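If you want the building blocks of each chain, they are given just below.
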Amino acid sequence: QKEVEQDPGPLSVPEGAIVSLNCTYSNSAFQYFMWYRQYSRKGPELLMYTYSSGNKEDGRFTAQVDKSSKYISLFIRDSQPSDSATYLCAMSFSGNTPLVFGKGTRLSVIA
Amino acid sequence: EADIYQTPRYLVIGTGKKITLECSQTMGHDKMYWYQQDPGMELHLIHYSYGVNSTEKGDLSSESTVSRIRTEHFPLTLESARPSHTSQYLCASLGQGNTGELFFGEGSRLTVL
């Protein structure tokens, strides 16, 4: 079983839709949870960061962590064509240990 | 915008050639990483460094080597490239805060014929 599971998609939605992206993980020792966004031919960039359980909101983006279910989510409200990218979940045991990444979900938002 | 740079961005070479992928960052970060990324697959950690003269192999077995003679520079070398080395190589450095944020370069896409 892989440490982090993420459906690679692709996922295609119309502009304005609410997008839900998810990852599951197997190691309960993970404490730091992140979502990276990667545009085509670019490196990933940090989108959202959450420590332990709970929700975090930043504009149209909301990250949720449910440690009891070992499940994390990223919600995008009012999706825009500029949100079209690959979204990678990542997690680590501490702020100093290497991140473990999911496969990434490729999202296309159609105008 | 992150100050981490990778060269070359794209490279096509023949089997058996020696290549070096360059990575430099101007943020003074101690910890640096090399990841390999194939389409539809996870980023796999192949090398990392916690500072000058420190290098470690990552989770994914790799025939590449790295060096860290200066804080800002973390090159990756393949002594004899093979078609199986065709991939995207991403360099990253760890931010100074305790969030664990990685700053990535734009990647080096290597094709070995």
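Provided above is the structure to which this section pertains.
From a predicted model like this one, the values you see are computed outputs, not experimental measurements.

1. Observations regarding the overall build of chain A
A count of helices and strands for chain A gives zero helices and 11 strands. Written out in order from the N terminus, the α and β elements of chain A read β-β-β-β-β-β-β-β-β-β-β. Its C-alpha atoms give chain A a radius of gyration of 13 Å, near enough to 13 Å, the size a compact globule of 111 residues would have. Across the 111 residues that make up chain A, the buried fraction comes to 44%. The contacts of chain A with a sequence gap of at least 6 include a subset with a gap of at least 24, amounting to 54%. For chain A, the exposed surface amounts to about 5,200 Å²; the carbon and sulfur share of it is 47%. When the 11 positive and 10 negative side-chain charges of chain A are each reduced to one mean point, those points stand 6 Å apart.

2. Notes on the sheet that holds strand β6 (residues 54-58) of chain A
Residues and elements named next belong to chain A. What the five strands build is an open sheet, ordered β1-β3-β8-β7-β6; its pairing is antiparallel. Every interior strand has two partners, whereas the edge strands, β1 (4-5) and β6, have only one. Judged from the six bridges that link them, strand β7 (residues 61-66) and strand β8 (residues 71-76) form a sheet pairing that is antiparallel. Bridge pairing links T62 to F75 in β8.

3. Re the interface of chain A and chain B
Each side of the interface is counted separately: chain A has 20 residues, and chain B has 23 residues. Together, the buried faces of chain A and chain B total about 1,800 Å²; carbon and sulfur atoms form 52% of this surface. Our count for the chain A to chain B interface comes out at one salt bridge. Of the charged contacts, one joins K42 of chain A and E106 of chain B as a salt bridge, the two residues approaching to 2.8 Å between their closest N and O atoms. Where chain A touches chain B, the interface holds four residue pairs in polar contact (both at pLDDT 80 or more). Here the side of chain A that touches chain B takes four residues from strand β4 (residues 32-38) of chain A, the largest share from any one element.

4. A word on the pairing of strand β5 (residues 45-51) of chain A
Here β4 of chain A runs beside β5 of chain A; their pairing, made up of six bridges, is antiparallel. Residue pairing in the sheet places Y36 of chain A in a bridge with L46 of chain A of β5 of chain A.

5. Remarks on the state of the cysteines
Residue and element names in this part refer to chain A. In total, this model carries two disulfides over all chains according to the counting rule given. What pairs with C23 in a disulfide is C89, and their sulfur atoms sit 2.0 Å apart. A torsion of -100° about the S-S bond marks the disulfide between C23 and C89 as left-handed. Here C23 is found in strand β3 (residues 19-25), whereas its partner C89 is found in strand β9 (residues 85-92), with 66 residues between them in sequence.

6. With respect to the pattern of salt bridges
Here the structure, examined in full by the defined rule, presents eight salt bridges over all chains. With its nearest N and O atoms 3.5 Å apart, the salt bridge here joins R77 of chain A to E57 of chain A. Of the two residues, R77 of chain A is situated in the loop between β8 and β9 and E57 of chain A in strand β6; the sequence distance between them amounts to 20 residues. Note on R77 of chain A: relative accessible area 29%, which makes it partly exposed. One network of salt bridges, in which partners are shared, links K42 of chain A together with R9 and E106 of chain B.

7. Structural notes on the nonpolar core
Grouped together as the largest cluster of nonpolar side chains are 25 residues, with contacts concentrated most on W35, I72, L74 and Y87 of chain A. Counting only elements with at least two residues in this core, the list comes to β3, β4, β5, β7, β8, β9 and β11 (105-110) of chain A. Sequence-distant contacts of Y87 of chain A, that is, excluding residues within four places in its chain, are made with Q6, L21, W35, Y36, R37, L47, L74, I76, G104, T105 and L107 of chain A. Counting residues in each nonpolar core, the second largest holds 18 residues, with Y33, L94, L102 and F104 of chain B among its members.

Definitions and limits used
Residues numbered from 1 in each chain as written. Chains lettered and ligands numbered in written order. Predicted model: local features only at pLDDT ≥ 70, side-chain atom pairs only at ≥ 80, totals over all residues. Heavy atoms only, no water. Helix = DSSP H or I, 4+ residues; strand = E, 2+ residues; numbered from the N terminus. Rg over C-alpha atoms; globule rule 2.2 N^0.38 Å. Buried < 20%, exposed > 50% of the residue type's maximum accessible area, 1.4 Å probe, protein only. Contact = heavy atoms within 4.5 Å. Areas by Shrake-Rupley, 256 points an atom, 1.4 Å probe, with all protein chains shown as cover. Lys, Arg positive; Asp, Glu negative; His and termini not counted. Charge placed at Lys NZ, Arg CZ, Asp CG, Glu CD. Pairing = 2+ DSSP bridges. Buried area = accessible area lost by both parts, 1.4 Å probe. Salt bridge = Lys/Arg side-chain N within 4 Å of Asp/Glu carboxyl O. Polar contact = N/O pair within 3.5 Å; in protein donor to acceptor, adjacent residues only side chain to side chain. Disulfide = S-S within 2.5 Å. Core = buried A, V, L, I, M, F, W, Y, C linked by side-chain atoms within 4.5 Å.

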